[in-house]
Every structure is written in C-alpha cells, then in structure tokens.
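Residue-level listing of the chains:
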Amino acid sequence: MNTNFDFMRLRKAAMILSLLLIVVSVASIATRGLNLGLDFTGGTLLEVQYENAEALDKITSTLNNAGYRDVTVQNFGSETDVLVRMSEAFRDNLGNEVLAVLQQESAGNQLTLLRSEFVGAQVGEELRDEGGLALLLALFIVMIYVAARFQFKFSVGAVAALFHDVIIIIGLFSLFQWEFDLTVMAALLAVIGYSLNDTIVVSDHIRENFRVLRRGDAAEVINFSINQTLGRTIMTSLTTALVLLALMVVGGDIIHNFSVALMIGVVVGTYSSVFVASSILMSMNISREDLIPPEVEEIDDRP
Amino acid sequence: MLNKYPLWKNLLIMAVLVFACIYAAPNLYPPDPAIQVTPARSGAEMSEQVLSQVREALGDKQIEFFGEEVKGSTALFRLTATDNQLPAKDAVQRLLGDEYIVALNLAPTTPEWLLNMGAGPMTLGLDLSGGVHFLMEVDMEEYLKGKMTNYREEFRNRLREENLRYRRIQLDDGKVVISFVDAAVRSEGSSFISRNYPEFLREEKDGEYADLVLTITEQKIKEFENYAIKQNLTTLRNRVNELGVAEPLVQRQGRNRIVVELPGVQDTAEAKKILGKAANLEFRLEAEPGASRFATEEYGFRSEERRTARLEKKIITTGDSVTNAQPSFDENGFPQVNIDLDSKGGAVMTQVTRKAVGKRMAVLFVERKPKTTYDVVDGKEVAKTVQVVEKSIISLATIQSTLGNSFRITGLESAEASELALLLRAGALAAPMYFVEERTVGPSLGKENIEQGVNSVILGLALVLGLMAIYYRLFGMVANIALLANIVILIALMSMIGATLTLPGIAGIVLTVGMAVDANVLIFSRIREELKAGRSPQQAINEGYNRAFLTIFDANLTTLIVAVILFAVGTGPVKGFAVTLSFGIITSMFTAIMLTRAIVNAIYGGRRIDSLSIGGRV
C-alpha cells in the first residue's frame, strides 16, 4: 500500500478523541458501575427453556411473588430461552423449585431447565481481585519487556496505549450495561496481548527507521513508519475482526460478550497503536539519540 | 543458493506435519454413546453371566448395541443411538439390580492402530459434554482450631505425666499459653516442649504466672493444610466412585478448594447428598447384659461373619469428628491405631468414657448403598432409587481410661491395625467442607455449544482463507495452507497433553486463526516493500522473511507472556482459553514462518523468476 498519510498532524485531534473517550468511560464506571456477571457477584443463575415464548415481566412478577430476592429475568439467545438471576443462596433442588413455580404459572407450556449455576459471594470477590491483579501484572510485565527490548519511552507509549484500550472497553461495558463476566475478563487480557502486538510492530519499524533514515525529524520518521505498517495493520485487524464476527454471529450466547469485548479491543487497539503509542513517543521527545547506543564520551583533555 | 531449504529442514517439517496429523486424527472419530457396567463392590469381577444378562436386557428392549468390551471389572456396551442411552441404562440397571452400577458413557472410537501409538481425542469440558461442576471449600480455620485444641489436651496430659506443674493452659488467638507455677518449672517445661514438639516456637512472658507462649510454625500449618486437603480429596474420590460416573474429576484448586466435575450427571441433589454425606462411622458403647431391648441394637462384625454384638442405640460421636487415624506401634512394639478427634467429638468422648472405664466401645462402619425399586404408577413403570444403610462393627475394644481428643485402639494384629486405620479414615473428612460454587449444564446445551463452536471455527476460517487468497494471491494460498496446518498441529498438541476443550477454548482457536495470519501478513508486506525498493524477487523473499522474523518474535512473545499470566491466575473456562491461545501462538510461529518458507522455496526457490504472485501493485 502506497499511503503517505500525515498521521502526526491528526495527533491533536486523536488526543482529544482519546481523552474524551477515557473521560466518558471513567465517568460511566464511576457513576453507573459495571453490570457484573454471576462469576463476580455470586448468586444463582438458572437457564430455563420455554416451549412457547413467555412475557418476561410475567416471569419476573411470578418469581417476586414466590418470594425470591433480587430477581432479574432476561432472554438468552432466543425468545424461548430465559435467564433468571437472583441473589438467593443455593440449596438443593432450588432449580426444580423455581421450575415448578414457573411451570405452575404457565400451564400447558413445557419448561426445561437447561443449566443452573451458583457462585458463592466469597468466590466472586476473589475472582474480582484476581482478575484485577492479573490485568495489572500483565501490564507491568509487558512494560518491563518492552523497556528491555526497545527503550523506556517505547514502553511508556505501549503501556499507555494498553491502559487506554482497557479503560475504553470497560467503559463501554459500563455505559451499555453489558454483562461483565469472567470471559470478558479473559477477553480484556487477550486484548492486551493483541493491541500490544500491533504496538510492537509499529515500534519496531519506528526504531528501524530512526536508524536507517538519516534525515527527517521524529514526526516524519514516525509518520513514515506508520504508513509503512498500515497495510499490515489493516489486514491483521481485518482478519481478526472477521473471525470475531463469526464468533459473534454463530458462536452462541455464552461467548457473545467475550466476542464483543474482543471486537471493541481490535478496533480500539488498532487505533491506539497508530495514534496513542506514537503520540506519547512524540510528546516524550523521542529522538535518534534514544535509539542509538551512546558512544563513549571522549575525554576532553585540552586545557 | 538463495531460497533453498536443506533436505533435513524439509524432512523435519514433513515429520512434524505427519506426526500432527496422526495425533489430531482421533478427534475425527465421534464417540459412540455407551453404557458402562461396574460392580458396586470394589474388587469384584465382571462375569460372563452378567454380560449375557446385559445382552438379554438390551435385547428385550430391542436396543441395538455392538462392540462389547470388558476392561478389568468394567464392561462397556456401545449403542447405535444416543436416544437409547437412558432406556438402556434403566433396563440394564433393573435387571442387574444394585450389585452393579450402570452409568452413561461416551466410548471413544479411535482405531486400534492410533490407540497403539498413544493417540486419543481431546476431552470435552463440562460446558460441551454436559454435567455437574462443584467447587468446595475446605474450612481450614475450623480444622486448625481443632488441631490446637488437640495440642492443648495433649500438653495437659504430658505435662502432668512429666510432673511439670502448671496453673492452666489456654488457647489465645491460635497460640497455646501455658501458665507454669514458677520460672524454674517453666524452663524445664520449655526444654521438654522443644524436645518433643519442635513444631512450636517458644516465648517466655511474665505476668501473673510464669507464662510460656507457644506459636506453631508456618511450615507445620502448611503441612496440616496439605494433609487436610489430601485427606478430603481421597474421601471425595471414594464418594464420587459410589456415584458410578464415567470420568469424574476431583482436583485441588488453589490453597483450600476442591473442584469436582461429574460429566453426564444431571441430578445435583443426589450428587450433593453423596458428596456431602453424613458420618459413616459411629462410636457406641457396648450394651450392658441386662439392658432393655429398646435402647440397644445388634450388629454383625465386618470381618467375622457370624459374630455379633449388642450396642447401645446412643451414638457417642460420628466419623465426622475423626480428623486422623494412623497405624503405629506402642512402647512395647505392639501394633495400635491412633485416632484424633476434633474438639467437639473429643469433649463428648471424654464425658462419656469417664463413666465407662472398663466397658467396651465399638466402632460401627456405615455404608450407604443405592437400591432401586420399581413401582407402577399410572400404568407406567417408575424407577425409584433409595439409599439403604448397612452398618457393621469394625472394632470392639475395652476402654482403659478416660478418652480425650486423641486415643488409641490396641490389641490388634499389624495387618488389622492398618486395615482399621484405613477404614477409620476412609469416610472421614479431615476438615469440614462446604459448597461455594455449583454449575449444571444440560446435555442438549452442551451439544448446542459444540455445534456453535464448530460453526464459528468454520465460518471464521472460511472468511480468513478467502481474504488471504484474494489479497495475497499465491502467497495467500501458501499462508492458508499454513493456517490449516496450524489448526491441525494445535489440535494434535492439545490431544497429546490431554487438555480439556471448553467453549472459551474453541474461542481461543478461532482467535488464533485470526491472529496467526499476522505473521504471514508481516512477511508478505516486507516482501512487497523489498520488491518496491527494487530488489530481485529472490532477494525480496529472503529479505522479507529475515527482516520480519524479529518483529514477529517480539510481538508473539509478548502475547505469550499475557497468555501465561492468564493461565496462572485464571480458573476453569479462562484457563481453557489461555491454553489454546498459548499453544496457538507457538504453533503459528512454526507454521507461519517455517512451513510457508518451505513451500515458497519449493515454488520459487533456486531458479530465475521475474515476478511473484503476491498481489498489490508491484
């Protein structure tokens, strides 16, 4: 691809866009919070299949009347599949109990219990902590690796780009109140891997071009490098986005949110490796000297 | 010469591919639905008579079956249709009665020659096969509290025996505080404890009395915890075996949790009853000769068929309070069994035995066996399984003095002692446990998940293959071959190490498909760049591969780091995803670099060419 796009001229606009997204994300996380899944909150979940579709509010009121607490009911995948969540602690036969209550209200409609899940509150809390810890650990190790392989300024850029991606994904999940469960957490870590992959490829070219191209200021070199890798960046994002599309469309509901998180990650990750990581490099005044091993200083022995 | 691989390299690549094809192949053979018959009593043999009974039962119901197999004491009958599994199980169970456990199973259909090479299909996770998943937490705090109480009792007895006078012994925040009468006795006591109980750290403290504060070492606590988990694992495994599940998983997770996975099981209530089942040992006093019949019961001995004894109905304590039982030898070298009770059990034991010195105490072994009865309801036959309790005496010994938290049974033969200790431990949980997580996946949902997973792999793969072929022409086709090879190698690797395939695992494979082409994209863009820069096609290929390598390596290594972290901290489904992702990264390095290079070399290498079919405006 013979592009010669001046990405660095868009740097300010991109910076504003990123900041805006981050502010909105953080605000949403702070005010609306996350719609945490069963894995993290603890509680009970039942998936019930109706032979014929049933109104959700009817199911909800039936369960409320039966005395179950914090009941949320939603369709799962199809009209006839219903997901019931409640804070009820699990006990033997709870699944069959709930099924019986619902069956009674919908006589003539055959009900089947597809799955039941119960997670203790303590386990949920631990998973939350572990997940957060894993994220931070991943970011930290990546930072060290990039600093060692490239240079400190690159690692700041890379990690800033990763933070950017992660915050925006979490922010979108908070904004739209999509369910944030263990698979989404796994997706977040996968995004870190993916986005980093992109950033490293771009950084690799920037480093090489600083050494090879003897002319041009930092902005020119970075621009050139991004244009050089643009074809590859788009192609890889496209293939990954395609398979994610396949997962979203036919992969079923259990991994739907996982695919959504990854899809956002691919889009935001591609954007961030082009704009965020390089903008940070620019603002940290990356220069040729940063990448060429320092020569031994001559001792000035003249009087 | 440029772009020629040496023969050995080509052969190596071929070898890897052949190897991968062989080990991935078992996954192509879908397993047969089957029923599995095992004797309920361990050690029993599978007889020809039983086999013919099964054949008869299946024949009566006109259920087609084939490929009858006997392995050890287990017999496997393959059925032609999945729908027949349940009726077949019911019919066979009914005919054989409760002497045998009949379970649903999936029998692998891997051909003999593949099996002989150690190849086998991947195991499916619960989300794909359907079944029950439990997570149980072991209450360590309670367990350690019990241990410390045992220590206190032991100190009381030992110090008294040694004539080391103390005012009191207390437990304080996990520490044992011994208040000696004066400092001189304390120093004697201190050295006594350092000799006999090296697991304690000693600290002197002067207050009202000459106190000695004992803190147990971290190392010993860890030892206790490991013992408790191990013991609970063993007990759970024994209990799970009673369920007759085809391939149960009972595994430690983290410091104090145990995962139990029962594929094919749908009835959680029944499973939980057996997993969390109540005591299977009872300690009772022997009845006085003239005692009323209403307050006593007669039981047989487990080892001697005819012998019986009359016991009081009142239970002193149950196997739940047994925390440990070990065979050992007494001072004179006679075999004995040391039994540890928890604090509650110990207190009751003391109270009861104080007034019963000279009488005999029995240990009753309680077994629960499922018994199925058949009733006719509304003209339809309904099978009903109830748990039948069988009790037998495993020990009857005279109480020589008041018993406490730990006591011993003496007067045994050596073999007897270890057998008794085993039985005492068999049903006992060292530490209390409770359920913290429970998941059930219905079999239809599992099937749906597999279908959706396979569909998304196929669709994702088709899209990527198409895009690559259009964009990179011949080179794209080469990358596509590499991509397919990558999936085969990935599946072969996972089958070989016996990894479990879960839905997120499939998602990991799909993601690998999307990301694995990245390496090729990088190489091909490099080659295009080199061509643009005016190099000859041969040089462009060589440079493209060489220069892209480091970038690919860096990028993949970081992703691998993340995947490893994911594996280390993740549980269950997340782990499955991490496994496929990490293997995918490693295998893609091989296929995207080595394999494509070999093919490209075979096509273009070693001859004069003017252009490359790599797309783009070159």
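Residues numbered from 1 in each chain as written. Chains lettered and ligands numbered in written order. Predicted model: local features only at pLDDT ≥ 70, side-chain atom pairs only at ≥ 80, totals over all residues. Heavy atoms only, no water.

Enquirer: Tell me what's going on with the interface of chain B and chain A, and back it up with residues and numbers.
Expert: You'll often see interface size given as the accessible area lost when the parts meet. Listed by partner, the interface residues are 61 residues for chain B and 62 residues for chain A. Taking both sides of the interface into account, the surface hidden between chain B and chain A amounts to around 5,400 Å²; carbon and sulfur atoms contribute 65%. At the junction of chain B with chain A, the criterion picks out 6 salt bridges. A salt bridge links Arg-149 of chain A to Asp-554 of chain B; the shortest N-O distance between them is 2.7 Å. Run the count over chain B and chain A and you get 15 residue pairs in polar contact (both at pLDDT 80 or more). Among the secondary structure elements, those contributing two or more residues to the side of chain B that touches chain A are β6 (131-138), α9 (268-275), β21 (433-441), α12 (443-496), α13 (503-532), α14 (537-569) and α15 (572-604) of chain B. It is α13 of chain B that provides the largest number of residues to the side of chain B that touches chain A, a total of 16 residues. Grouping the constituent residues of the side of chain B that touches chain A by class yields 34 nonpolar, 15 polar and 12 charged. (Contact = heavy atoms within 4.5 Å. Buried area = accessible area lost by both parts, 1.4 Å probe. Salt bridge = Lys/Arg side-chain N within 4 Å of Asp/Glu carboxyl O. Polar contact = N/O pair within 3.5 Å; in protein donor to acceptor, adjacent residues only side chain to side chain. Helix = DSSP H or I, 4+ residues; strand = E, 2+ residues; numbered from the N terminus. Nonpolar A, V, L, I, M, F, W, Y, C, P; charged D, E, K, R; others polar.)

Enquirer: Would you mind going over the UniProt feature "domain: Protein export membrane protein SecD/SecF C-terminal" (unreviewed entry) in chain A in detail, with residue names and values included?
Expert: Taking the numbering used here, the UniProt-annotated feature "domain: Protein export membrane protein SecD/SecF C-terminal" (unreviewed entry) corresponds to residues 107-284 of chain A. The span residues 107-284 of chain A shows a helical share of 81% and a strand share of 6%, and its end C-alpha atoms are spaced 69 Å apart. (UniProt positions renumbered as here; feature names shortened; annotations may be inferred.)

Enquirer: Before we move on, could you go through the pairing of β21 of chain B and cite the residues and values that matter?
Expert: Counting buried residues along β21 of chain B, 7 of its 9 residues qualify, which places the element largely inside the surrounding structure. Relative to β21 of chain B, strand β5 (residues 111-119) of chain A runs antiparallel, the two sharing 5 bridges. Bridged to Arg-115 of chain A within β21 of chain B is Val-441 of chain B. When β6 of chain B meets β21 of chain B, the two strands line up antiparallel, connected through 8 bridges. Considered in β21 of chain B, the bridge of Leu-135 of chain B is made with Glu-437 of chain B. (Buried < 20%, exposed > 50% of the residue type's maximum accessible area, 1.4 Å probe, protein only. Pairing = 2+ DSSP bridges.)

Enquirer: Could you give me a rundown of the environment of Glu-225 of chain B, with the residues and numbers involved?
Expert: Residues and elements named next belong to chain B. Within the fold, Glu-225 resides in helix α8 (residues 218-243). Residues Glu-225 and Met-140, spaced 85 residues apart in sequence, show a C-alpha to C-alpha distance of 6.9 Å. Non-local contacts of Glu-225, meaning those with residues more than four positions away in its chain, are made with Met-140, Leu-144 and Arg-255.

Enquirer: Outline the packing of aromatic side chains, supporting the account with residue identities and numerical values.
Expert: Within the structure shown, the criterion is met by 23 aromatic pairs over all chains. Ring geometry for Tyr-151 of chain B versus Phe-155 of chain B: centroids 6.0 Å apart, planes at 25°, classification stacked. Linking Tyr-151 of chain B with Phe-155 of chain B, this pair stays in helix α6 (residues 140-161), spanning 4 residues, or about one helical turn. One exposure class covers both Tyr-151 of chain B and Phe-155 of chain B, and it is buried. Taken together, a centroid distance of 5.1 Å and an interplanar angle of 65° make the contact between Tyr-472 of chain B and Phe-524 of chain B edge-to-face. One end of the pair, Tyr-472 of chain B, is in helix α12; the other, Phe-524 of chain B, is in helix α13, with 52 residues separating them in the sequence. An identical accessibility class is assigned to Tyr-472 of chain B and Phe-524 of chain B; each is buried. Taken together, the ring pairs in this structure connect Phe-40, Phe-173, Phe-176, Trp-178 and Phe-180 of chain A into an aromatic cluster. Of note, Arg-307 of chain B hangs over the ring of Phe-301 of chain B, and the distance from its end group to the ring centre comes to 3.9 Å. (Phe/Tyr/Trp six-rings, centres within 6.5 Å; stacked < 30°, edge-to-face > 60°. Lys NZ or Arg CZ within 6 Å of the ring centre and 35° of its normal.)

Enquirer: I'd like a description of the UniProt feature "transmembrane region" (unreviewed entry) in chain A, backed by residues and values.
Expert: All names here are of chain A. Within this structure's numbering, the places UniProt gives as "transmembrane region" (unreviewed entry) are residues 131-148, 155-176, 182-202, 234-255 and 261-282. The distance from the first to the last C-alpha atom of residues 131-148 is 26 Å, and the span holds 100% helix and 0% strand. Counting secondary structure, residues 234-255 comes out at 77% helix and 0% strand; the distance between its end C-alpha atoms is 25 Å.

Enquirer: Give a description of the domain arrangement of chain B that names residues and reports values.
Expert: Residues and elements named next belong to chain B. Entries for chain B in the domain assignment read domain 1 (7-26 + 443-604), domain 2 (32-107), domain 3 (141-221) and domain 4 (279-411). Domain 3 and domain 4 are separated by 33 Å when their C-alpha centres are compared. Contacts between the two partners involve 4 residues from domain 3, matched on the other side by 5 residues from domain 4. Where domain 3 packs against domain 4, one counts 0 salt bridges. Counting the contacts that link domain 3 with domain 4 gives 0 residue pairs in polar contact (both at pLDDT 80 or more). Looking at the side of domain 3 that touches domain 4 residue by residue, the classes come out as no nonpolar, 2 polar and 2 charged. (Domains from an automatic or database assignment.)

Enquirer: Before we move on, can you summarise the packing of helix α7 (residues 182-212) of chain A against helix α8 (residues 218-250) of chain A with the specific residues and values?
Expert: Residues and elements named next belong to chain A. Relative orientation of the contacting elements α7 and α8 amounts to 145°, with a least axis distance of 9 Å. As for how α7 packs across α8, the hand of that crossing is right-handed. For the contact of α7 with α8, the residue count by class is 10 nonpolar, 10 polar and 2 charged. (Axes fitted to C-alpha atoms, helices over the stretch in contact; angles between N-to-C directions. Left-handed = near helix turned anticlockwise from the far one by under 90°.)

Enquirer: Kindly report on the nonpolar core, identifying the contributing residues and their values.
Expert: Core analysis: the largest hydrophobic core is formed by 155 residues, its most contacted members being Phe-180 and Ile-192 of chain A together with Met-468, Phe-475, Phe-524, Ile-527 and Leu-612 of chain B. Not counting residues up to four positions away in its chain, the partners in contact with Met-468 of chain B are Met-235 of chain A together with Arg-473, Gly-476, Ala-479, Asn-480, Val-517, Asn-520, Val-521 and Phe-524 of chain B. Within the second largest apolar cluster, 43 residues are counted, among which are Tyr-143, Ile-193, Ile-221 and Val-265 of chain B. (Core = buried A, V, L, I, M, F, W, Y, C linked by side-chain atoms within 4.5 Å.)

Enquirer: Describe unusual backbone geometry, naming the residues involved and giving the relevant values.
Expert: Residue and element names in this part refer to chain B. One non-glycine residue with positive phi stands out, namely Gln-62, at about 55°. By secondary structure assignment, the location of Gln-62 is in the loop between α2 (48-60) and β2 (65-71). Owing to a relative accessible area of 72%, Gln-62 belongs among the exposed residues under this scheme. In the Ramachandran plot, Asp-173 falls in the positive-phi region, its phi being about 55° despite a non-glycine side chain. Here Asp-173 lies in the loop between β7 (166-172) and β8 (175-180).

Enquirer: So what's going on with empty space enclosed by the protein? Which residues, and what values?
Expert: All told, the structure shown has 6 cavities of 30 Å³ or more when counted by the stated rule. When contributions to the lining of the largest cavity are tallied by element, the ones reaching two or more residues are α7 and α8 of chain A together with α13, α14 and α15 of chain B. Examining the composition of the lining of the largest cavity, we find that 6 residues originate from one element, α13 of chain B, more than from any other. Tallied by class, residues from the lining of the largest cavity come to 9 nonpolar, 7 polar and 3 charged. Gly-131, Leu-182 and Met-185 of chain A together with Val-569 and Gly-570 of chain B are the residues nearest the centre of the second largest cavity, which is lined by 14 residues in total. Breaking the lining of the second largest cavity down by element, the ones donating at least two residues are α5 (121-149) and α7 of chain A together with α14 of chain B. (1 Å grid on protein atoms, 1.4 Å probe; cavity = no way out; pocket = protein on both sides within 12 Å on 5 of 7 lines; lining within 4 Å. Points joined across faces, edges and corners; volume = space filled by probe spheres on them.)

Enquirer: Tell me about the side chain of Gln-538 of chain B, residues and numbers included.
Expert: You can see Gln-538 of chain B is positioned in helix α14. Among the residues examined, Gln-538 of chain B registers a relative accessible area of 12% and is labelled buried.

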